[in-house]
Amino acid sequence: MTASTKNRPSSDTRSNYTGPAMVSTGEATAMLHTGETPPIRVFGTESIRETFDDLCLQQAVNSRLAPGVTDLVLNPDAHCGYGAPVGCVMVSPTHVYPGPVGVDIKCSMSLLQLDLPAEAVEDRNVRRALISAICQRTPTGAGKGQRSVGKARHVNRTLGKQLVTEGASNDVCRALGIPTAWAHRCEDSHHVGHDDTESALENRLETLLQHRHMSNFSEKMQQLGSYGGGNHFGECEVVQVGDNDRAREVAQAFGLRDGHVAFLSHCGSRGFGHNLASGQFRTLQDKFDRWGIPLPAGDRQLVYAPLGSDEANDYLDDMALGANFATVNHLLINALVLEAFQEVIPGTQGNLVYFISHNIARKEIVDDRPAWVHRKGATRAMPAGHHSLTNTPFAKTGHPILLPGNPRDGSAVMVADEGAAASCYSVNHGAGRVLGRRHAKRVLDQATVDSEFDSNDVLSNCRKYPIDEAPAAYKDFNEVLRSVKSAGLASEVARLKARFVIKDASKADD
DNA sequence: ATGTCC
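- Chain A has the name tRNA-splicing ligase RtcB in an unreviewed UniProt entry, where Rhodopirellula halodulae is given as its organism.
- Per UniProt, chain A has the following entry under Subunit (unreviewed entry): "Monomer."
- Of chain A, the UniProt comment under Sequence similarities (unreviewed entry) reads exactly: "Belongs to the RtcB family."

Some details on helix α3 (residues 54-64)
Three- or four-residue spacings in an α-helix give side chains the same orientation, since the helix completes a turn every 3.6 residues.
Here comes step 1: Among the 11 residues of α3, 10 are classified as buried, and the element is accordingly described as predominantly covered.
Here comes step 2: Regarding α3, the residues found buried are Leu 55, Cys 56, Leu 57, Gln 58, Gln 59, Ala 60, Val 61, Asn 62, Ser 63 and Arg 64.
Here comes step 3: Of the surrounding elements, those touching the buried residues of α3 are β1 (22-24), β2 (29-32), β3 (40-43), β4 (71-79) and β5 (86-92).

Quick notes on the protein's contact with DNA strand B
Here comes step 1: Residues in contact with DNA strand B amount to 18 residues; listed here are only the nearest, Tyr 82, Gly 143, Gly 230, Asn 231 and Arg 270.
Here comes step 2: Put simply, 59% of the atoms of DNA strand B that lie within 4 Å of the protein are in sugar or phosphate.
Here comes step 3: Tyr 82 has a polar side-chain atom sitting 2.7 Å from a base nitrogen of DNA strand B.
Here comes step 4: Backbone polar atom of Gly 229 to a phosphate oxygen of DNA strand B: 2.8 Å apart, as the coordinates give it.
Here comes step 5: Going through the elements one at a time, α8 (217-221) and α10 (270-291) are the ones with two or more residues in the surface near DNA strand B.
Here comes step 6: In terms of residues, the surface near DNA strand B owes the most to one element, α10, which gives 3 residues.
Here comes step 7: Its residues assigned to classes, the surface near DNA strand B shows 3 nonpolar, 9 polar and 6 charged.

Considering the packing of aromatic side chains
Here comes step 1: One pass over the full model with this rule turns up 9 aromatic pairs.
Here comes step 2: Between Tyr 97 and Tyr 304, the aromatic rings sit 5.3 Å apart at their centres with planes inclined by 40°, giving tilted as the arrangement. Here the residue Tyr 97 occupies a position in the loop between β6 (95-96) and β7 (108-117), and Tyr 304 occupies one in the loop between α10 and β10 (305-306), the gap between them amounting to 207 residues. The pair formed by Tyr 97 and Tyr 304 is uniform in burial state, with each residue classed as buried.
Here comes step 3: Through successive ring pairs, a cluster of aromatic residues spans Tyr 97, Phe 288 and Tyr 304.

Some words on the pairing of strand β9 (residues 260-267)
Here comes step 1: Burial runs high along β9: 8 of the 8 residues are buried.
Here comes step 2: A two-sided burial pattern is seen for β9, the buried positions comprising His 260, Ala 262, Leu 264 and His 266 on one face and Val 261, Phe 263, Ser 265 and Cys 267 on the other.
Here comes step 3: As paired strands, strand β8 (residues 233-241) and β9 are joined by 6 bridges and run antiparallel to one another. The residue of β9 that forms the bridge with Cys 236 is Phe 263.

Concerning the environment of Asp 258
Here comes step 1: As for its placement among the helices and strands, Asp 258 is situated in the loop between α9 (245-254) and β9.
Here comes step 2: Sequence separation of Asp 258 and Gly 242 is 16 residues, and the distance between their C-alpha atoms is 8.9 Å.
Here comes step 3: Excluding residues that lie within four positions of it along the chain, Asp 258 makes contacts with Val 239, Gln 240 and Val 241.

Here we look at the side chain of Lys 220
Here comes step 1: Following the sequence through the fold, Lys 220 ends up in helix α8.
Here comes step 2: Glu 219 provides the closest opposite charge to the buried, salt-bridge-free Lys 220, at an N-O distance of 4.5 Å.
Here comes step 3: Once you skip the residues sitting within four places of it in the chain, Lys 220 turns out to touch Gly 271, Phe 272, Asn 275 and Phe 325.

Quick look at the environment of Asn 359
Here comes step 1: Note on placement: Asn 359 falls in strand β12 (residues 359-366).
Here comes step 2: Once the C-alpha coordinates of Asn 359 and Ala 420 are considered, the two residues, 61 residues apart in sequence, prove to be 18 Å apart.
Here comes step 3: Setting aside its immediate chain neighbours within four residues, Asn 359 contacts Val 101, Gly 102, Asp 104, Ile 105, Lys 106, Cys 107, Arg 375, Lys 376 and Gly 377.
Here comes step 4: Among the polar contacts listed, one links the side chain of Asn 359 to the backbone oxygen of Asp 104, at a separation of 3.2 Å.

Observations regarding the nonpolar core
Here comes step 1: Counting residues in each nonpolar core, the largest one holds 92 residues, and the members touching the most others are Phe 263, Phe 341 and Phe 500.
Here comes step 2: Element by element, the count of residues in this core is highest for helix α11 (residues 310-344), at 18 residues.
Here comes step 3: Here Phe 263 is in contact with Ser 110, Leu 111, Leu 112, Ile 134, Tyr 227, Gly 234, Glu 235, Cys 236, Val 337, Phe 341, Phe 500 and Ile 502, once residues within four sequence places are set aside.
Here comes step 4: Counting 38 residues, the second largest nonpolar core, distinct from the first, contains Ala 378, Ala 431, Val 449 and Leu 481.

Description of the sheet that holds β4
Here comes step 1: As summarised here, the arrangement of the 7 strands in space is β1-β2-β3-β4-β5-β13-β12, forming an open sheet in which the pairing is mixed. With partners counted over all chains shown, the strands left at the sheet margins are β1 and β12, one partner each. Between one strand axis and the next, the sheet turns through 25° on average, direction left out of account.
Here comes step 2: With 3 bridges connecting them, β1 and β2 associate as antiparallel partners. Bridge pairing in β2 links Ser 24 to Ala 30.
Here comes step 3: Against the sheet, α3 engages β1, β2, β3, β4 and β5, with an angle of about 160° to β4.

A look at α9
Here comes step 1: Those residues of α9 that sit buried are Ala 247, Val 250, Ala 251 and Phe 254. What you see down the axis of α9 is that its buried residues fit within an arc of 105°, all on one side. Of the exposed residues in α9, those oriented more than 90 degrees away from the buried face are Asp 245, Glu 249 and Gln 252.
Here comes step 2: Against the buried residues of α9 lie β8, β11 (350-357), β16 (410-416) and β19 (490-502).
Here comes step 3: Residue Asn 244 occupies the N-cap position of α9, its side-chain oxygen lying 3.2 Å from the main-chain nitrogen of Arg 246.
Here comes step 4: Within two residues after α9, Gly 255 carries a phi angle of roughly 85°, on the positive side.

Digging into unusual backbone geometry
Here comes step 1: In this structure, Ala 297 takes a positive phi of about 55° despite not being glycine.
Here comes step 2: By the secondary structure assignment, Ala 297 is in the loop between α10 and β10.
Here comes step 3: In this structure, Cys 424 takes a positive phi of about 55° despite not being glycine.
Here comes step 4: Structurally, Cys 424 can be placed in the loop between β16 and β17 (426-428).
Here comes step 5: With a relative accessible area of 10%, Cys 424 lands in the buried category.

What counts as what
- Residues numbered from 1 in each chain as written.
- Chains lettered and ligands numbered in written order.
- Predicted model: local features only at pLDDT ≥ 70, side-chain atom pairs only at ≥ 80, totals over all residues.
- Heavy atoms only, no water.
- UniProt positions renumbered as here; feature names shortened; annotations may be inferred.
- Buried < 20%, exposed > 50% of the residue type's maximum accessible area, 1.4 Å probe, protein only.
- Helix = DSSP H or I, 4+ residues; strand = E, 2+ residues; numbered from the N terminus.
- Contact = heavy atoms within 4.5 Å.
- Near = heavy atom within 4 Å.
- Polar contact = N/O pair within 3.5 Å; in protein donor to acceptor, adjacent residues only side chain to side chain.
- Nonpolar A, V, L, I, M, F, W, Y, C, P; charged D, E, K, R; others polar.
- Phe/Tyr/Trp six-rings, centres within 6.5 Å; stacked < 30°, edge-to-face > 60°.
- Pairing = 2+ DSSP bridges.
- Lys, Arg positive; Asp, Glu negative; His and termini not counted.
- Salt bridge = Lys/Arg side-chain N within 4 Å of Asp/Glu carboxyl O.
- Core = buried A, V, L, I, M, F, W, Y, C linked by side-chain atoms within 4.5 Å.
- Axes fitted to C-alpha atoms, helices over the stretch in contact; angles between N-to-C directions.
- Arc of directions from axis to C-beta.

Below is the structure:
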């Protein structure tokens, strides 16, 4: 296979599909018809649905028709991905799919509420000092993981093995200086192996460590507490709670403070998760080749494993190992960010509002039976009273949904409504890309992008903001949120207004 | 997403 076709479906992918047949069923809902199988539910206003290009819709159809798939949902932020679109939910009671989890296992959002009033970060010099203190502790960029200041938090091999098998356990949190209470603010603080045991993960890890592609395990553990690159970021926000009684009530239950500073983070499982995901793709693709198993729609990114097989067990174990890394990575980042705030503004206190993934498969009850719900660029959205929230702090309200928008228009905290049942209890994971990276670099102007940050008084660690990450490379966030609200999936609790952004600046000067 | 192909 040549480099140019490697990441895209082969041309015969489209042979049995004559084009999208999208039928509008409401202001922000539609059905995408696949022929024989039930239609795909699509969420998005008409202008949002126009952003779905043919390949994105084709990927949705391919995924819906793949073996063992019983449901597929397309969200307003959907765009082309690997095999399945980014911005979709795929349900299967019988199969697991690495592609519709994604290559960054448990890529997630977290929000730290600080006890600082907005005025505390008004001074540009204070914000510059915060940017510097944070960047010294939570590095950005490929391969970066070494911290230059602060409390020593070296992750040795033993601690690395412990954290990828235990997740955010009390022992792991204590070893890394993470408040143990934060584990209760996680969608999942701990992922177990395919048989629901931790020992399965310990065994799988020992097997992996004998493989060459995992020989850099200790090195990858050093990346704990770092952002990485691409669309990952850290962002200082001012919380603006919605102007209605429900928003105020829910915000209070979430621990959000109107008019106060918060810190939003987006990152995943770094090089470790990438090693695991790419290893799984290679292994499964080799087996499909060797055994002559037909690929769904001829797409190598849609390889799968039937539940109960050794292949599925290994995949689920690898996903859990990567997910545990991502969980502890986010919690450590939040601890480091709090430490940075305390250095610049002594006495600052902070609490984790929530940590929630948008790239993970979870075993959930769908239509009264267990199924693997693959959310690829999609966020779990369970409303008040949902059985899975029993004994969590959010049983009576629904859990926080953290949606990054862009540094110009803000981000959002939402809460699910009853209507979320129609989307397999899911919403979007952000704005969604509207320009590909190469396209963005060609059509967007660096000076315009940078001056927009300046006129909005949003500071950044980047001298030049990465142009393929500019707000204009993403969909209209307000229209995306309007889609979610109008479809009855979730309600807005608060907006987050950016004051400064931490991004990987290393490729911005190309 | 990922030292952007072991």
